[in-house]
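Here's the letter readout for the chains.
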Amino acid sequence: MNLGVNLPRGLVLKNPIVAASGTFGFGPEYSSYVDVDALGGIAVKGISPDPWPGNPPPRVWETPAGLLNSIGLQNPGVDAFIQEDIPFLNSVKTVVIANIIGHTVDEYRHVAQRLQREPRIDALEVNISCPNIKEGGMSFGSDPDQAFAVMHAVREVTDKPVMVKVSPNVAEPWVIAQSVVAAGADMVSAINTVIGMAIDLKARRPALGGVTGGLSGPALKPIAVRMVYEIARRVGVPVIGMGGIQSAEDVLEFLMAGAKAVMVGTITFQHPTRMVEIIRELPSVLQRYGFASLDEATGAALAGGVAL
Amino acid sequence: MNGGKGMHCMKRDYDVVVVQRRVIAPQHVELIVESPDLASAQPGQFAHVLTPGMLRRPISFSRIDRAHGQVGLIVQSVGIGTEWLCNRQAGDRLNVLGPLGRGFSPPEAGQPWALVGGGVGIPPLYAALQAWQNTVHVPQVVVILGARAAAYLIMADDFGRLGVEVRTATDDGSAGQHGTVLSAVTEWMGVHREGQMMACGPTAMLQAVYQVTANWSGRTQLALEQRMGCGIGACLACVVATRSPGTHGSQYQRVCTEGPVFDREELVFS
């Protein structure tokens, strides 16, 4: 079965499984554990104009069926990324998606502009949904006008395929999705982590150095499937779905909810090769549920049921 | 190695077999596992062990037996992952990544050597002593162990069998000195103006060691613990503040990759 996915502006994934931003470093870290070339693509960690230090540790905390993180988008800045990380990425034979972040609209624009000149970057993922930074990040993702402004600024400086990663931490994520599509987004990726918190009972304080964090992992999946469904039936662009995927069946669930491709993240920490296993199993899982192609599966559940 | 890909040397997660399980203290179990790969580790490195939890658990090696291809993993049951690990029996399999991280640098010949361990931080020091006691000639070795009570002074007998001086301290006074390892450490530094120290234990103990060694002219290596995600340097979860610019744009370095062992001078410990 052909697992290729055709996306806007000529972006082609060899299969629909992309490593989710923030879980796969800048590429080289996992390259000795998993055949990166076998993946549909990799989304590298969020990149800002200047280096960001990240949040104080502890930065992760396990919850039942989930993982809270408060990394805080630690990254070396776009110049260091270009100098130090793109050389490795040049050796990777799959799609590379740069996740971009900023405190202001201008900062998003700056990173997009710098990466526009980098042929190795196949697409951008505009991150307006990280719950772990004080300014920028999620604040752009909670307001349709601000989300529009960020995407509009990015669109002005790049002709690369652009997806916007939306937040589940708003009442109506599809309103944000519609807004960024109106501003020129080619795709929507959904969802980022759900904001959460845990208390370290022994220490009598928040478990994370950043106090609150983003919840990922299987606990998130029903929330994510619902939001992908709600977004996919409202926007006319491809949706890249994610949130707690652990198996090929989970991938199919996202496809049927309307996703054209998916991102896989937290499970990689337990099973570095799980993404490759999912890719291997996907054709037989599609067949088992009666689908002859990815396209048949995508949105298969959108028609069913009564949309309220 | 598995699935060599071009010039990359592919590693991966793999299964190892538990060959022995022993309860060494209340809620503390030592698992001896067979794995020539893990037995190639340096003292201070760790295995990232799969559990039913959402994350693997980093466990440093309590002993490294290269000749027999076996290592020891000491686990304290404190949550769902470690409880599951403590219940493994001989014959069970564990899935591991590793050995990972940067271990201890070997001791320098001719310098007195102190190994300072607290609670579940004691094991890597035993691996260090086992590895270098007979290969590096030092004039004096002392092992200083601390725990909340006598029952938790894990591996004290193992150290004793290696024929080194072992000093102990317990919070409740049930064995050794009443109090922490600090007084023994300070006393030892008073006698040995130069020398080398390796320490591993709870953060509070390491911070105290960090502080008392501030004006000591010897070398101090600290093996840290931190909540960890991927274990291989990708997620930037297990960071610690350092003096020198770290990786990825900050003063933070990764405990899983640049550590878990750091020279005290590299750290900013408040």
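Residues numbered from 1 in each chain as written. Chains lettered and ligands numbered in written order. Predicted model: local features only at pLDDT ≥ 70, side-chain atom pairs only at ≥ 80, totals over all residues. Heavy atoms only, no water.

S.K.: Report on the overall build of chain B, specifying residues and quantitative values.
M.R.: On a plain count of helices and strands, chain B comes out with five helices and 15 strands. The C-alpha radius of gyration of chain B comes to 18 Å, within 12% of the 18 Å expected for a compact globule of 270 residues. Its C-alpha atoms put chain B at 55 × 45 × 35 Å along the principal axes. The proportion of buried residues among the 270 residues of chain B is 57%. In chain B, once contacts between residues fewer than 6 apart in sequence are set aside, the share between residues at least 24 apart is 62%. (Helix = DSSP H or I, 4+ residues; strand = E, 2+ residues; numbered from the N terminus. Rg over C-alpha atoms; globule rule 2.2 N^0.38 Å. Buried < 20%, exposed > 50% of the residue type's maximum accessible area, 1.4 Å probe, protein only. Contact = heavy atoms within 4.5 Å.)

S.K.: Residue-level account of the overall build of chain A, with values.
M.R.: Along its length, chain A carries 10 helices and 16 strands. Relative to the compact-globule value of 19 Å for 308 residues, chain A shows a C-alpha radius of gyration of 18 Å, a close match. Here the C-alpha coordinates of chain A stretch approximately 50 × 50 × 45 Å along the principal axes. Classification of the 308 residues of chain A by burial places 65% in the buried group. At a minimum sequence separation of 6, the contacts of chain A that also span at least 24 residues come to 73%.

S.K.: Outline the nonpolar core, supporting the account with residue identities and numerical values.
M.R.: If you look at the biggest cluster of nonpolar residues, it comprises 146 residues, and the most contacted ones within it are F81(A), L115(A) and I128(A). Among the elements that take part in this core, helix α6 (residues 221–232) of chain A stands out by supplying seven residues, more than any other. Here L115(A) is in contact with V78(A), F81(A), I82(A), A98(A), I100(A), I121(A), L124(A) and K160(A), once residues within four sequence places are set aside. W132(B), Y152(B), L153(B) and A156(B) belong to the second-largest nonpolar core, a separate cluster that totals 30 residues. (Core = buried A, V, L, I, M, F, W, Y, C linked by side-chain atoms within 4.5 Å.)

S.K.: Could you give an account of the UniProt feature "binding site: FMN" (unreviewed entry) in chain A, with specific residues and numbers?
M.R.: All names here are of chain A. Mapped onto the present numbering, the UniProt feature "binding site: FMN" (unreviewed entry) falls on S21, K45, G46, N99, N127, K165, I191, G217, G243, G244, G265 and T266. Not counting residues up to four positions away in its chain, the partners in contact with G46 are S21, L73, N75, N99 and I101. In this structure, K165 sits in strand β9 (residues 162–165). Judged by relative accessible area, K165 falls into the buried class, the value being 5%. (UniProt positions renumbered as here; feature names shortened; annotations may be inferred.)

S.K.: So what about the interface of chain B and chain A? Which residues, and what values?
M.R.: Taken together, the contacts link 35 residues of chain B with 45 residues of chain A. Between chain B and chain A, roughly 3,100 Å² of surface is buried when both sides are summed, and carbon and sulfur atoms account for 61% of that area. Where chain B touches chain A, the interface holds one salt bridge. Of the charged contacts in the structure, one is a salt bridge between E62(A) and R57(B), with a shortest N-O distance of 2.7 Å. Where chain B packs against chain A, one counts eight residue pairs in polar contact (both at pLDDT 80 or more). For the side of chain B that touches chain A, the elements supplying multiple residues, two or more each, are β6 (93–100) and β14 (252–254) of chain B. (Buried area = accessible area lost by both parts, 1.4 Å probe. Salt bridge = Lys/Arg side-chain N within 4 Å of Asp/Glu carboxyl O. Polar contact = N/O pair within 3.5 Å; in protein donor to acceptor, adjacent residues only side chain to side chain.)

S.K.: Describe the side chain of T220(B), with residues and values.
M.R.: One can find T220(B) in strand β12 (residues 219–223). Excluding its chain neighbours within four sequence positions, the residues that come into contact with T220(B) are M197(B), V209(B), T213(B), F262(B), D263(B) and R264(B).

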